[in-house]
Amino acid sequence: MSNVSNVLEMEATLRKDPVKWARWKLKDQKGNPWQARWYQIDLINDVVSGKTNKLAVRMGRRVGKTETMCVYMLWHAFHKKNQRLLVATPYENQVRLIFKRLKELISTSKELSDSLIKDTSNPYELGFSNGTAIIGFTVGATSGAGASVRGQRADFLFIDEIDYISQDGIDATIAISHEDPRNIGIWASSTPTGKRSFFYKICTNRSTGYTAYHYPSMVNPNFDIAMETEFRSTMTEQGYVHEVLAEFGEETMGVFGKRFVEAARDEFLYSYYSLNEYQIGLAKEDGYDIDKIVFMAEYTQKNLPPSAKRILGVDWDKYANATQIVSTVYDTHLNKFRVEGRWEIPRSEFTFDNAVKKIIELNDIFDYDAIYVDAGSGEMQIEQLRLHGKENPETGLYKKVKRIQFKMSIEVTDPVTGGIDKKNAKHFMVNQTSMLLERGRIAISAFDDMIWKQMMGYSVVKFSASGDPIYTSEDEHALDAFMLTILGFAQQYPEITQTMVKQQNSTNFGSIAMASGDVEGAIYGGTSDIYGGGSRSWRKTDEGSWGKIPTARKKGNKLSMARRGGGRSKGSGRTMF
C-alpha cells in the first residue's frame, strides 16, 4: 500500500512541475524525452511559481521561443479544467505553425491524445475532455486589425511575434485581460523589429507590470561557428541584430535612427510649457532630473521673443486628426534647430479657419522668416493667409507663406557648387531631417512627446513601382509639420544647415545600418544593451553543472546572455500632454 502511495505522490509531484511532466510525457522531434534548457526552465518556473503572470520575452532564432510556449500551454490545458487559452499572432502561417507543433507534441503522448476531443482549423481550436480549449486567432499586422478577438474571453493570453502586430491588434488582445488583470496571464514574445512601441515598452519599463526576459541565439547549447556563419551569410547586419542578438537596434524599415532621436530628445532637457504636478511626477519616475530642465519663456505679443531665424510648419488633415503647427528656431548657442513650440487645432466645424487665425497670431509674435504649409488639404487656407498678407503688408504673409505639395519637385541650390537640382519635396525634407538628426543638430523637447514618438514610429511601409519609398501615413502630422520647418531652413538658409553637399544616392533613407565591426561589438562588448549594467549571475547549464553565464556585455565576454527584470529608459512612451 505504501508503494502505491509513493507512486501516487511521485506522480503528483511530477504533474505539478511542467518541466518534469514534459520530460515524462512528451517527446522531442527526435523521439527522445522532451528536455528543457535552463532558460526554458526559468520561464516556465516563474509562471508556475506565481512569480509573474505577465512575461515579455525577446528571443533570437533557434532558441525555442514557440516550443517553450507550446509545452507550457499543453501542461496548463491538461491539468486545469474549463480554461480558455487564447493564442494570437500577426499572420495566418504563424498560428498554423503553432497549432501544428501543438498537435505534434500531443501525438507523442497517449494521455494527451486520448483527452483531445476537438481539433479544428477554421477557427483553430484544440479542445480537451476536461473542458479546456486552446484557441488561435490572427490579429493582424496592419492598422484596423484586432476585430477577430474582440469579445473573446481567456484565462491566459499567448501573443507570439507581438512586435509585428499592429497597435490596434495589441489593444484588442490585451483588452481581454482587463476583465481580471490579476489572474489572466499574458505571455508576449517576439524577435524585436526595432520599433519603440508596445513590445519595447514592456521589455524596458518595469512599471508596465511585465517581467522582461532576453535570450539571444547564443544561449542555444548547439550554437556554434557553423550556425554563426549561416546566420551572417543569410542575414543583413541589421537582421542579425534583431533576429540573432534579439536586440532592438534600429527598425528595419525605420527612417530615423532611434539612438539619434533619443539623443535629440535627451541631450538638452527643455520644455516650452509649464509642467503640472502629475507631469513632474512622471518625469521623475522616468529618470529626469527636474532641476536640470530648462523652461523656455512663453512668448506673447506683450513679451516678444529675441530675434532669431525661425520657420513655421503647418500640416493639415482633412479626415480625423488635428491640424499641427510647429515652430522651429535656429538656436545659435546650441547650434541646433530646436522645436520651440507646437500647437494643434482640434477637429471641429471651423478647424481650418481657427488654424488660419492661429498662424496669423503666431506670425505677429514670432515674425517668421517663412511659413511652410502642406498644400494637400490647405489650398484654401494658403489663399486666406496670402490675402491677409496683401491686406496687411506689415505681416509679410503674402511672401512668407510657401505652398508645399509633398509630391512636387522642388529646386535645390547646392551651396558648394551653386548648381540647381530638382528633388521630390517629401524625400528631400525627410533626408534633410535625417542628416541633421544624425549630426546632432536637432533638439526636441522630451516633455511634449508628439514629435519624437512619431519619429520613432516613422518608417518606409513599401516602395513604389519606380523604387521610391512610401512613408508612414498615420500618426505623422506633427512630424510632417516639423520636417516642413527643416525643409524651410534647408531652402532659406542652406549655409546654416550645411546638408546639401554632394547629394549621394542611398537606399536606407536615413536608417542606420550597423557596420560589421559594430555587430561584432554588439556580441563582444562594443555596444551597450538597453539594460546596461555589468553584473554577472550564476546560471545552471543544460548539462546540470553550474557555471558563470555573462548577463551584460563587457570587454572579454564572448556571449551576450539573459538579463531579466527590465531596465528603465527615459521617456518610456507615456504622454505628458
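What counts, and at which threshold
- For every chain, the first residue of its written sequence is number 1, and the numbers climb from 1 along that sequence.
- With pLDDT at 70 or above as the cut-off, local features in this predicted model cover only qualifying residues; side-chain atom pairs require 80 or more to be listed or tallied, and sums for whole chains, interfaces and linings still use all residues.
- Only heavy atoms go into the side-chain values, all of them from the structure, while hydrogens and water stay out.
- Working definition of a nonpolar core: buried Ala, Val, Leu, Ile, Met, Phe, Trp, Tyr and Cys residues. They are joined through side-chain atoms within 4.5 Å.
- Relative accessibility thresholds used throughout: buried, under 20% of the residue-type maximum; exposed, over 50%; partly exposed, between the two (1.4 Å probe, protein chains only).
- The way it works is that DSSP assigns letters per residue, a run of H or I at least four long becomes a helix, a run of E at least two long becomes a strand, and they are numbered from the N terminus.
- Throughout, a residue-residue contact means that at least one pair of heavy atoms, one from each residue, lies within 4.5 Å.
- Following DSSP output, two strands are said to pair if at least two bridges run between them.
- Axes here refer to lines fitted to C-alpha atoms; in helices the fit is confined to the stretch in contact. Angles between the N-to-C directions go from 0 to 180 degrees.
- Angles below 35 degrees are treated as roughly parallel, those above 145 as roughly antiparallel, those between 65 and 115 as roughly perpendicular, and all remaining angles as oblique.
- Gly is placed with the polar residues, together with every amino acid not listed as nonpolar (Ala, Val, Leu, Ile, Met, Phe, Trp, Tyr, Cys and Pro) or charged (Asp, Glu, Lys and Arg).
- Put simply, two rings from Phe, Tyr or Trp (the six-membered ring, in Trp's case) pair if the centres are within 6.5 Å, and we call them stacked under 30 degrees between planes, edge-to-face over 60, tilted for the rest.
- Two thresholds decide whether a charge sits over a ring: the Lys NZ or Arg CZ must be within 6 Å of the ring centre and within 35 degrees of the ring normal.
- Here a salt bridge means any side-chain nitrogen of Lys or Arg lying within 4 Å of a carboxyl oxygen belonging to Asp or Glu.
- What a helix should span is 1.5 Å times the count of its residues minus one.
- For any helix crossing, the convention is left-handed if the near helix is rotated counterclockwise from the far helix by under a right angle, and right-handed if that rotation is clockwise.

Things to note about the nonpolar core
- Judged by nonpolar contacts, the single largest core of 46 residues is most densely connected at Phe 256, Leu 437, Met 455, Tyr 458, Phe 482 and Leu 487.
- Taken together, the elements giving at least two residues each to this core come down to helix 11 (258-266), strand 12 (323-331), strand 13 (336-345), strand 14 (370-374), helix 16 (425-438), strand 18 (442-443), helix 17 (450-457) and helix 18 (477-492).
- A total of 10 residues in this core trace back to one element, the largest contributor, which is helix 18.
- In contact with Leu 487, other than residues within four places in its own chain, are Tyr 372, Ile 404, Ile 410, Phe 428 and Met 429.
- The next biggest cluster of nonpolar side chains, apart from the first, holds 42 residues, and it includes Trp 38, Val 71, Trp 75 and Val 87.

Observations regarding helix 17
- The set of residues buried in helix 17 consists of Ile 451, Trp 452, Gln 454, Met 455 and Met 456.
- Where helix 17 is buried, its residues contact helix 11, strand 12, strand 13, helix 16 and helix 18.

What about the sheet that holds strand 5 (residues 133-138)?
- Strand order in the open sheet formed by eight strands is 3-4-5-2-6-7-1-8, with mixed pairing between adjacent strands. The open sheet has two free edges, formed respectively by strand 3 (116-121) and strand 8 (211-215), since each of these has just one partner strand. Adjacent strand axes in the sheet meet at a mean angle of 10° when their direction is disregarded.
- Taken together, the six bridges between strand 2 (residues 84-89) and strand 5 define a ladder with parallel strand orientation. Within strand 5, the residue paired with Thr 89 across the bridge is Thr 138.
- Docked against the sheet, helix 3 (residues 38-48) engages strand 1 (54-59), strand 6 (156-160), strand 7 (185-190) and strand 8, running at close to 170° with respect to strand 8.

Focus: the sheet that holds strand 18
- Spatially, six strands are ordered 15-14-11-12-13-18 in an open sheet, and the strand pairing comes out mixed. A single partner strand is all that each edge strand has here, and the edge strands are strand 15 (401-404) and strand 18.
- Strand direction decides the pairing type here: strand 13 and strand 18, joined by two bridges, are parallel. Pairing of Arg 338 across the sheet is with Ala 443, part of strand 18.
- Packed onto the sheet, helix 14 (residues 379-391) meets strand 14 and strand 15 and runs at close to 165° relative to strand 15.
- In the packing of helix 18 onto the sheet, contacts are made with strand 11 (310-315), strand 12, strand 13, strand 14, strand 15 and strand 18, and the angle to strand 11 comes to roughly 140°.

Concerning the packing of helix 16 against helix 18
- At their nearest, the axes of helix 16 and helix 18 sit 9 Å apart, and the two run at 85° to each other. When the axes of helix 16 and helix 18 are compared, the pair comes out roughly perpendicular. Counting all contacts with helix 16, which are made through Lys 426, Phe 428, Met 429, Val 430, Gln 432, Thr 433 and Leu 436, the residues of helix 18 involved are Asp 480, Phe 482, Met 483, Leu 484, Ile 486, Leu 487 and Ala 490.
- Residues of the contact of helix 16 with helix 18, tallied by class, amount to 10 nonpolar, two polar and two charged.

Observations regarding the packing of aromatic side chains
- Across all of its chains, the model carries 28 aromatic pairs by this definition.
- When the ring of Trp 21 is compared with that of Phe 78, the centres are 6.5 Å apart and the planes differ by 25°; the resulting orientation is stacked. Linking Trp 21 in helix 2 (residues 18-25) with Phe 78 in helix 4 (residues 65-79), this pair joins segments that are 57 residues apart in sequence.
- Feature note: the residues Tyr 72, Trp 75, Phe 156, Phe 158 and Trp 187 constitute an aromatic cluster, connected by ring pairs.
- Over the face of the ring belonging to Tyr 493 we find Lys 309, whose NZ or CZ atom lies 5.3 Å from the ring centre.

What to know about the pairing of strand 12
- Most of strand 12 is tucked away, with nine of its nine residues classed as buried.
- Burial along strand 12 is two-sided: Thr 323, Ile 325, Ser 327, Val 329 and Asp 331 facing one way and Gln 324, Val 326, Thr 328 and Tyr 330 facing the other are all buried.
- As defined by bridge partners, strand 11 adjoins strand 12 across six bridges and the pair is classed as antiparallel. In the strand pairing of strand 12, Gly 313 is matched with Val 326.
- Counted between consecutive antiparallel strands, the loop separating strand 12 from strand 13 contains four residues, among which Asn 335 sits at a positive phi close to 55°.

Some points on unusual backbone geometry
- For the bond running from Asn 122 to Pro 123, omega is 5°, close enough to zero to count as cis.
- Looking at the secondary structure, you find Pro 123 in the loop between strand 3 and strand 4 (124-128).
- Phi at Asn 82 is positive, roughly 55°, even though this residue is not glycine.
- Residue position: Asn 82 is located in the loop between helix 4 and strand 2.
- Asn 82 sits in the exposed class, given a relative accessible area of 52%.
- One non-glycine residue, Ala 246, adopts positive backbone phi at about 55°.
- Here Ala 246 shows up in the loop between helix 10 (237-243) and helix 11.
- Residue Ala 246 is classed as buried on the basis of its relative accessible area of 0%.

Considerations on the pattern of salt bridges
- Inspection of every chain in the model, using the stated rule, returns 23 salt bridges.
- Notably, a salt bridge pairs Glu 344 with Arg 342, separated by 3.0 Å at the nearest N-O pair.
- Overall, Arg 342 belongs to the buried group, its relative accessible area being 9%.
- In the salt-bridge network here, residues are joined through shared partners; they are Glu 11, Arg 15, Lys 25 and Glu 111.

Some details on the environment of Phe 128
- Looking at where Phe 128 falls in the secondary structure, it is placed in strand 4.
- Overall, the relative accessible area of 2% leaves Phe 128 in the buried class.
- Residues Phe 128 and Ala 77 lie 51 residues apart in sequence; the distance between their C-alpha atoms is 7.5 Å.

Overview of the environment of Met 69
- Note that Met 69 resides in helix 4.
- We classify Met 69 as buried; its relative accessible area is 0%.
- Between the C-alpha atom of Met 69 and that of Trp 187, which follows or precedes it by 118 residues, the distance is 8.1 Å.
- If we ignore the near neighbours within four places in the chain, the residues touching Met 69 are Phe 158, Ile 159, Asp 160, Trp 187 and Ser 189.

Side note on helix 18
- Over its 16 residues, helix 18 runs 22 Å from end to end, which matches the ideal 22 Å to within 8%, given 1.5 Å per residue.
- The buried fraction of helix 18 is high, at 14 of 16 residues.

Observations regarding the packing of helix 13 (residues 351-366) against helix 14
- Look at helix 13 against helix 14: their axes get within 10 Å of each other, and the N-to-C directions meet at 35°. The way helix 13 lies across helix 14 gives a crossing that is right-handed. When helix 13 is examined against helix 14, the residues Phe 352, Asp 353, Val 356, Ile 359 and Ile 360 are found in contact with a partner set consisting of Gln 381, Gln 384, Leu 385 and His 388.

Geometry only, nothing functional implied.
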